[in-house]
Amino acid sequence: MKIGIIDLNSGNLLSVISSIENLGHEAIVLKKPQSNFDALVMPGQGRFAFVASQLDQNNWREFIISWVTSGKKFIGICVGMQLLFDGSVEDTGAKGLGILAGTVQKLKHDKTPMVGWAKLSSTDKKLNDQFVYFVNSYAIIESNYCSATVNYGTSFCAAIQKDNIVAFQFHPEKSGEFGQELLQQCLN
Amino acid sequence: MSKLVQHTSLVPRLIVCLDVAYGCVVKGTNFKQLKDMGDPIELGLKYQSQGADELVFLDIKASVDGQNSALAMINKVAKNLSIPFTVGGGIKNLEDVDKFFNAGADKVTINSAALQNPNLINQTANKYGSQSLIVAVDVNLEANNSLILYTHGGSKKVSKNYDTWMQEIIDRGAGEVMINAMHKDGTGSGFDLDLLSRQYYSIPIIASGGANEPKDFLNAINAGADAVLAAGIFHRNEYTVDEVKHYLIQNKIEMRTL
């Protein structure tokens, strides 16, 4: 498969690239929208407002919305998952893509960021009871499209699945062998 | 210690530390005599397959010699490992931090530089997010029972108060703090439980220095550590990571298993 990786200038993409390449795919970093891919991956790290502002460069917003509505595969990771929603309490002035309904909330725990491995709860046997790696202070608490949850002060959405859209609040590229299997399932 | 019980799916982490010097993994006793223990990538992959939750690569000569850790090694690690890893040693300023992240590190750890220039904590947290920064604290329980901070691989004393410094690290935006009890390092007498249970901190605490047997990990977690870090016990093949985790699970600590 030929996978496009959206570069929003937020953090190092090496882990995501290596992870996809180690699965036998071709990974191409995109500074600007391009259509000739089997799937698009949108990683994101850091502040919501900064990453959201990067979407306004090079017409990413329009491109991603039309890519997703055309039914092509799309994978969001971490802030890349959060951007699919309307916005975030982290930066109330910044706009998400609004592809999914909801606002990203601050985790209600006295130790933030949440750092480490947590076991997923899911009705999907492939996801349930698997350990994945989280690094975040904000998350989507509820969505009709939650495919897995974890607890950190409160229960939140660890993964989203809606038709051709898959998104993870955790880092599959840092979640060991299971993370690799999960990415492979999404890409194939 | 007041500790709020909150719902969490997070499990305590077991971190393997690989001290690197001149491109090889080494292990010293009380920070001094160094023994060659092997290739960083090979060892990293071995611990990943044993179930290590994270790895830390520390270039222990860099801080003393003023060298940068091998960026090529970081790059190779990033391409080959599928678990998070932290890099440290010899970081002096934001430019060094940039270099480590550009090479592929998930987090950096700073120690001497944080004490010399505490603003580096703010700068790094602002640029890469709190989650990207572990501040390491080398502390020694002196003969007169006082806690003294050290820098430069345990070779220089610092006059700052330990508790004041811990709070400052948190206030300046570090994501995690690693407490390295120098008086325990390499002695195999267990983590310093008094230090770990001294106070409840609002960021994750990584216990380092002194692990000798699985029980030491259990005691550190029960004393409040969010993560436990060890080196020699694994490098000398006394225990594998999964053996230690298995012991912890038997003792009612939930751990990630493969």
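Right above here is the structure, for reference.
Position labels on residues start from 1 in each chain and follow its written sequence. Chains and ligands are labelled by the order in which they are written, letters from A for the one and numbers from 1 for the other. For this predicted model, a pLDDT threshold of at least 70 governs which residues receive local features, and a threshold of 80 or more governs which side-chain atom pairs are given and counted, while totals over whole chains, interfaces and linings are taken from all residues. Only hydrogens and water are set aside when side-chain values are computed; all heavy atoms of the structure are taken into account.

**Looking at the packing of aromatic side chains**
Part 1: The pairing test for Phe, Tyr and Trp rings, Trp by its six-membered ring, is centres within 6.5 Å, and the orientation test on the planes gives stacked under 30 degrees, edge-to-face over 60, and tilted for anything in between. Taken as a whole and assessed by the stated rule, the structure comprises 11 aromatic pairs over all chains.
Part 2: Residues A:Trp60 and A:Phe63 carry aromatic rings whose centres are separated by 5.9 Å and whose planes lie at 70° to one another, so their mutual orientation is edge-to-face. Of this pair, A:Trp60 and A:Phe63 both sit in helix α3 (residues 60–69), separated by 3 residues, roughly a single helical turn. Neither A:Trp60 nor A:Phe63 differs from the other in exposure class; each is buried.
Part 3: Consider the rings of B:Phe217 and B:Phe234, whose centres lie 6.0 Å apart with planes at 45°: the pair is tilted. Remark: B:Phe234 occurs in helix α10 (residues 232–235) and B:Phe217 occurs in helix α9 (residues 214–222); sequence separation between them is 17 residues.
Part 4: An aromatic cluster of three or more residues is present, and its members are A:Phe134, A:Phe156, A:Phe168 and A:Phe170.
Part 5: Consider the ring centre and the ring normal. A charge sits over the ring if Lys NZ or Arg CZ is within 6 Å of that centre and within 35 degrees of that normal. Sitting over the ring of A:Phe37, A:Lys2 keeps its end group 5.4 Å from the ring centre. Under the DSSP-based scheme used, a helix requires at least four consecutive residues in state H or I and a strand at least two consecutive residues in state E, with every element numbered from the N terminus. For the exposure calls, accessible area comes from a 1.4 Å probe over protein chains only, and a residue counts as buried if that area is under 20% of its type's maximum, exposed if over 50%, partly exposed in between.

**Some details on the pairing of strand β10 (residues 176–181) of chain B**
As a general feature of sheets, a regular strand has side chains that alternate between the two faces.
All names here are of chain B.
Part 1: Buried residues dominate β10, accounting for 6 of its 6 residues.
Part 2: Of the two faces of β10, the one holding Glu176, Met178 and Asn180 and the one holding Val177, Ile179 and Ala181 are both buried throughout.
Part 3: A pair of strands counts as paired when DSSP detects no fewer than two bridges linking them. Examined bridge by bridge, strand β7 (residues 133–141) and β10 share 6 bridges and lie parallel to one another. Bridging across to β10, Ile134 finds its partner in Glu176.

**Thoughts on the pattern of salt bridges**
Side chains that carry opposite charge are capable of pairing whenever their charged atoms lie near each other.
Part 1: One side-chain nitrogen of Lys or Arg within 4 Å of one carboxyl oxygen of Asp or Glu is enough to make a salt bridge. Inspection of the entire model under this criterion finds 19 salt bridges over all chains.
Part 2: A salt bridge links A:Asp91 to A:Arg47, with the nearest nitrogen and oxygen atoms 2.6 Å apart. In this pair, A:Asp91 sits in the loop between β5 (87–88) and β6 (103–106) while A:Arg47 sits in the loop between β3 (39–44) and α2 (48–55), placing the two residues 44 residues apart along the sequence.
Part 3: The exposure class of A:Asp91 is buried, given its relative accessible area of 13%.
Part 4: Its salt-bridge partner being B:Lys107, residue B:Glu176 comes within 2.7 Å of it at the nearest N-O pair.

**Section: the interface of chain B and chain A**
Part 1: When checking whether two residues touch, look at their non-hydrogen atoms; a contact exists if any pair is within 4.5 Å. Counting residues at the interface gives 38 residues for chain B, matched by 31 residues for chain A.
Part 2: For the chain B and chain A pair, buried surface summed over both sides reaches about 2,700 Å², with 54% attributable to carbon and sulfur atoms.
Part 3: Between A:Lys111 and B:Asp226 there is a salt bridge, with the nearest N and O atoms lying 2.6 Å from each other.
Part 4: In protein, a polar contact requires one atom able to donate a hydrogen and another able to accept it; more generally it is a pair of N or O atoms within 3.5 Å, and residues adjacent in sequence count only if both atoms are side-chain atoms. The tally of links between chain B and chain A comes to 13 residue pairs in polar contact (both at pLDDT 80 or more).
Part 5: Put simply, the parts of the chain that give the side of chain B that touches chain A at least two residues each are α3 (71–80) and α4 (94–103) of chain B.
Part 6: Here the term charged refers only to Asp, Glu, Lys and Arg, the term nonpolar to Ala, Val, Leu, Ile, Met, Phe, Trp, Tyr, Cys and Pro, and the term polar to all other amino acids, Gly among them. Here the residues of the side of chain B that touches chain A sort into 15 nonpolar, 13 polar and 10 charged. Accessible surface is computed with a 1.4 Å probe, and the buried area is the amount of it that two parts give up when combined, taken over both parts together.

**Thoughts on unusual backbone geometry**
In terms of backbone geometry, most residues other than glycine have negative phi values and most peptide bonds are trans.
Part 1: Cis geometry is found at the peptide bond from A:Thr112 to A:Pro113, where omega equals 0°.
Part 2: Along the chain, A:Pro113 falls in the loop between β6 and β7 (114–119).
Part 3: For A:Asn59, which is not a glycine, the phi torsion comes out positive at approximately 60°.
Part 4: Take A:Asn59: it is sitting in the loop between α2 and α3.
Part 5: A:Asn59 sits in the exposed class, given a relative accessible area of 52%.
Part 6: One non-glycine residue, B:Asn237, lies in the positive phi region at around 60°.
Part 7: Along the polypeptide, B:Asn237 turns up in the loop between α10 and α11 (241–250).
Part 8: Judged by its relative accessible area of 55%, B:Asn237 falls in the exposed class.

**Examining the sheet that holds strand β11 (residues 154–162) of chain A**
Paired through backbone hydrogen bonds, the strands of a sheet run either parallel or antiparallel to each other.
Residue and element names in this part refer to chain A.
Part 1: Reading across the sheet, the 7 strands line up as β2-β1-β3-β4-β12-β11-β10 and stay open at both edges, with mixed pairing between neighbours. The open sheet has two edge strands, β2 (26–30) and β10 (146–152), and neither has a second partner. On average, each strand axis in the sheet is tilted by 20° relative to the strand beside it, whichever way the strands run.
Part 2: In this sheet, strand β4 (residues 73–78) lies alongside β3 in parallel orientation, the contact comprising 6 bridges. Among the inter-strand pairings, Leu40 is bridged to a residue of β4, identified as Phe74. For helices, the axis comes from a line fit to the C-alpha atoms of the stretch in contact; other axes are also lines fit to C-alpha atoms, and the angle between any two N-to-C directions lies between 0 and 180 degrees.

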